[in-house]
Every structure is written in C-alpha cells, then in structure tokens.
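# Observations on chain architecture
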Amino acid sequence: MKALRRTGNVFIFLGLSILFFVLYELVGTSLVTKARQRDLQADFNAELSQPAALNPAFTGTLPVGTTRRSSVEALARLIIPKINVDVIVVEGVTLDRLSYGPGHYPQTKMFGEKGVAAVAGHRTGWSAPFFNLDQLTRGDVVTVETTKATYTYRVMDTTVVSPAHSEVLNGNPNSHAVQQLVLTTCTPKFTARDRLIVFTDLISAVPRR
Amino acid sequence: MRILPSKRLPRIAILLAVLLGYSVVLWFFVFPWLDRTFINRPAIG
C-alpha cells in the first residue's frame, strides 16, 4: 500500500512537471517575445518617422543620438491580415533571433531585391506568429513594410517538406515571378518534425513617400 | 531513515527550497532544451 502511494505521488509530480512545461511553452516564452516585439515595434516606428527614411540611400540605421530600445535591429514589418499577423522581422534565423520575432534568412535576398526572400517564424510558443500559417490559401495577401517601400505578395502555393529540403529557399519552382517571398514554420503544430512552406509572389511595390 | 527534520518549519523550508531549485533547473535548462530539440526549429536546412 505504501509503495502504491509512493508511485502515485511520483506520477502526480511528473504530471505537475509536464503542466509546468506547458506553462513555459505557451506563456513564458510568449511573454519574452511580446516584450521584445514591443521594443522592436517602437524602434521600427521611430525609423519610419525619421526624415532620413525617405532617402533612398537610407539603410535603416537610426541617426546618432537616437536611443534604440531593442538590441536587435528591426528589419521590416510583416503583415498577414487573414491570420492577424503584424510583427517585426529581424535578421537571422537562429533560435535566439527567432525569440525576437520572425527572422529573415541571411542567405536569401532582402525584401525588394530581385530573387527570393525567405522568413522563418515560430508556430508554438515565442508568441507563435505563424501558428495559423496553414490557413493561408492561394490568393491571400502578405505585406512587408520596410523603411524604403511596402511590398505586397500574393500566396501562390503551400507545401510540407522535411527539414533538410533547403531548396525551398530558392523559391516556388512553378512560379516565374522575379521577386518572391517564402515563409517557413514547423508542422504539424507542437512538433518540429516537418516544415510548412508558403510560396508568395510579389504583386506590388510602393515606395515610401 | 529520516531525511527531513522532524520540526515543521525547517521541514517546510527545505521542501520549498528543493521545489524552487527544481523549478529553476526545469525553467532555465530542461525546458529550453526540450523546446529547441522537439518543439521549435522553424528554419530550413
């Protein structure tokens, strides 16, 4: 009887530990990312409000004397109206960088350049910006706002690949668009087994005035 | 064999300290490892 009670206590303890992990994954990590996104949004808005941002030569660096709130540079604002995404993209796709928000793959082109730009984002925890990425279908709109222009992309195709299939970063093989944006995230939800890929084509680029 | 002291206050204090230490190890070491190993690796390649 004593052994049974002890076994029961062990299972209760393990169950509480698992609940603690769920709390960490869904709440703890998201609190970190939300605080970092707040700083990035403030930095990005400050950059947009600078007159220098209107200069085509502007590289996105704040003028001397302006205090940056985030230690990481805000690269662009990614807006996906259908799934209520409005986040700041940072440079790099290491797990540290992705704790700030979706990250731009450094080996791909920058938004607005000819070629393929790609962005990775979390689907579980860390604010899960791409939690509903699987709901995007052909024709949905994705907008990327930089200090130079606002780029609008249209979803053309989605696919699921294993993590080693880095050729998806070369763009949609069925598209002839000169500028493409590829979004990647984990799938199925709550695992890192495969990657969900969303291919989009640029449909308009409006320079900032 | 008795591990914890028989007095109530020290016993509770030791239990709370162990629980706090366990939680800290989970939160800062075990959970981040579980997260990056099994849950979150959205980048390709």
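Numbering of residues begins from 1 in every chain and follows the order in which that chain's sequence is written. The order in which chains are written sets their letters, starting at A; the order in which ligands are written sets their numbers, starting at 1. Whole-chain, interface and lining totals are the exception, using all residues; otherwise, since this is a predicted model, local features are given only for residues with pLDDT of at least 70 and side-chain atom pairs are given and counted only at 80 or more.

Leu78, Val89, Leu181 and Val182 of chain A are the most contacted members of the largest nonpolar core, which totals 44 residues. Throughout, a pair of residues is in contact if the C-beta atoms placed from their backbones lie within 7 Å. The contacts of Leu181 of chain A, once residues within four sequence positions are left out, are Ala117, Val119, Val142, Val144, Tyr153 and Thr200 of chain A. In this description, a nonpolar core means buried residues of the types Ala, Val, Leu, Ile, Met, Phe, Trp, Tyr and Cys, linked to one another by C-beta atoms lying within 7 Å. To sort residues by burial, count the other C-beta atoms lying within 10 Å of each one's C-beta; a count of 20 or more means buried, 12 or fewer means exposed, and anything in between means partly exposed. C-beta atoms are built from the backbone.

With that out of the way, let us pick up the packing of helix 1 (residues 2-49) of chain A against helix 1 (residues 8-39) of chain B. A fitted line through C-alpha atoms serves as each axis, taken over the contacting stretch for helices, and the angle formed by two N-to-C directions is quoted from 0 to 180°. Where helices and strands are cited, they refer to DSSP runs of H or I of at least four residues and of E of at least two residues respectively, numbered from the N terminus. Interaxial distance between helix 1 of chain A and helix 1 of chain B falls to 10 Å at its minimum, and their mutual angle equals 75°. What the angle tells us is that helix 1 of chain A and helix 1 of chain B run roughly perpendicular. Residues Ser17, Phe20, Phe21, Tyr24 and Glu25 of chain A of helix 1 of chain A lie in contact with helix 1 of chain B, whose contacting residues are Leu26, Trp27, Phe31, Leu34, Asp35 and Ile39 of chain B. Split by residue class, the contact of helix 1 of chain A with helix 1 of chain B holds eight nonpolar, one polar and two charged. For this classification, under 35 degrees means roughly parallel, over 145 means roughly antiparallel, 65 to 115 means roughly perpendicular, and everything else is oblique. The nonpolar class holds Ala, Val, Leu, Ile, Met, Phe, Trp, Tyr, Cys and Pro. Asp, Glu, Lys and Arg form the charged class, and all remaining residues, Gly among them, are polar.

So, about the sheet that holds strand 6 (residues 149-161) of chain A. Residue and element names in this part refer to chain A. Two strands qualify as a pair provided DSSP detects at least 2 bridges between them. Pairing within the closed barrel is mixed, and its eight strands lie in the order 1-2-3-4-7-8-6-5. Bridge count for strand 2 (residues 85-91) against strand 3 (residues 103-104) is two bridges, and the pairing is parallel. Directly across from Glu91, in strand 3, lies its bridge partner His104.

The next point concerns the pairing of strand 5 (residues 141-145) of chain A. Residue and element names in this part refer to chain A. Note that strand 1 (residues 74-80) and strand 5 share three bridges and pair antiparallel. Bridge pairing in strand 5 links Leu78 to Val144. Both strand 5 and strand 6 contribute to a ladder of five bridges, which runs antiparallel. Paired with Val142 across the bridge in strand 6 is Tyr153. Between the end of strand 5 and the start of strand 6, which pair antiparallel, lie three residues.

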